[in-house]
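Listed below are the residues making up each chain.
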Amino acid sequence: MDIKGTVALVTGGASGLGAATARRLFEAGASVVLLDLPGSAGEAFAAELNARDALQPGSPATTAPAHPGNEAVFVPADVTNEDQVQAAVDVAVALGPLRIVVNCAGIATPGKVLGRDGVLPLEHFTRVIQINLVGTFNVIRLAAAAMAATEPAVTGLGGPERGVIINTASVAAFDGQIGQPAYAASKGAVAAMTLPIARELARSLVRVVTIAPGIFETPMMAGLPQEAQDSLGHQVPHPSRLGRPAEYANLVAHIVDNAMLNGETIRLDGAIRMGPK
């Protein structure tokens, strides 16, 4: 499916993997709706993407805007809130055919079942599940309804398509570490629901694919000392470094382009298999 001329909704779109994905899709010609929490950098990031009159280095003064016809819009929303997500979907539909949804919003709050302070509070576990799993499903269901109502696009080798939904799991879904029961459970569930939803939405010509990233350079990782980041990077067999958000975004773009990718969870991890801790 061609990215140019479509509309993409990216959750967690103000930073990290979501921002890199939004930038990649925008530069390929899609209008992008950035869904992120109020108080995030979403407004500033949308303004940055919309600065179409910024010339490329060395370009003549007569150079046309780099991305004519597409725009970036920030919609403050919580992925677990039905009304707020529906509002973001409505904004996307108003911009054109909603054909790409990328779920990047999530949290990675650690917590052992039996920690130093006692038993893990149930609300800590359910909060992670609510955001990572229920929030992802909330976006899927509302976006899928909008996609199913669009006219199919003719996509050459792939045949007609209405859209593609791309979710974010984690290698923790398969190699969960000590202190990650909530996170691993939430990401494992995202991976598990990929195939049944893909099978259901096939009749609507909508694909569903999940990416399971390894250790990536994200705002959460940036909070660690450089020595800790380097140590984590060295655990990756090859390339022996942290993953870059642009690499995640490139895989998103390929999934959109390749119509045979459907119902699958793809590890993007440099062959790492996480140890117990």
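One structure accompanies this document, and this report is about it.

Calculation rules
Residues numbered from 1 in each chain as written. Predicted model: local features only at pLDDT ≥ 70, side-chain atom pairs only at ≥ 80, totals over all residues. Heavy atoms only, no water. Pairing = 2+ DSSP bridges. Helix = DSSP H or I, 4+ residues; strand = E, 2+ residues; numbered from the N terminus. Axes fitted to C-alpha atoms, helices over the stretch in contact; angles between N-to-C directions. Contact = heavy atoms within 4.5 Å. 1 Å grid on protein atoms, 1.4 Å probe; cavity = no way out; pocket = protein on both sides within 12 Å on 5 of 7 lines; lining within 4 Å. Points joined across faces, edges and corners; volume = space filled by probe spheres on them. Nonpolar A, V, L, I, M, F, W, Y, C, P; charged D, E, K, R; others polar.

**Some words on the sheet that holds strand β10 (residues 206–213)**
Right, on to step 1. Strand order across the open sheet formed by seven strands is β3-β2-β1-β4-β9-β10-β11, with parallel pairing between neighbours. If you trace the sheet from one side to the other, it starts and ends with β3 (72–76) and β11 (265–268), each paired once. Adjacent strand axes in the sheet meet at a mean angle of 20° when their direction is disregarded.
Right, on to step 2. Two strands pair when backbone bridges link them, and strand β1 (residues 7–11) and strand β2 (residues 31–36) are joined in this way by five bridges, in the parallel orientation. In the sheet register, Ala 8 faces β2, and the bridge partner there is Val 32.
Right, on to step 3. Along the sheet, helix α6 (residues 181–201) contacts β9 (163–168), β10 and β11; its crossing angle with β10, the most-contacted strand, is approximately 165°.

**Re the layout of surface pockets**
Right, on to step 1. In this model, the largest pocket occupies a volume close to 1400 Å³.
Right, on to step 2. Looking at the largest pocket, it is lined by 47 residues, and the ones nearest its centre are Ile 107, Ala 108, Tyr 183, Thr 218 and Met 220.
Right, on to step 3. Of all elements in the fold, only α1 (16–27), β2, α4 (122–148), α6 and α7 (219–222) reach the threshold of two or more residues within the lining of the largest pocket.
Right, on to step 4. The residue inventory of the lining of the largest pocket, partitioned by class, reads 27 nonpolar, 15 polar and five charged.

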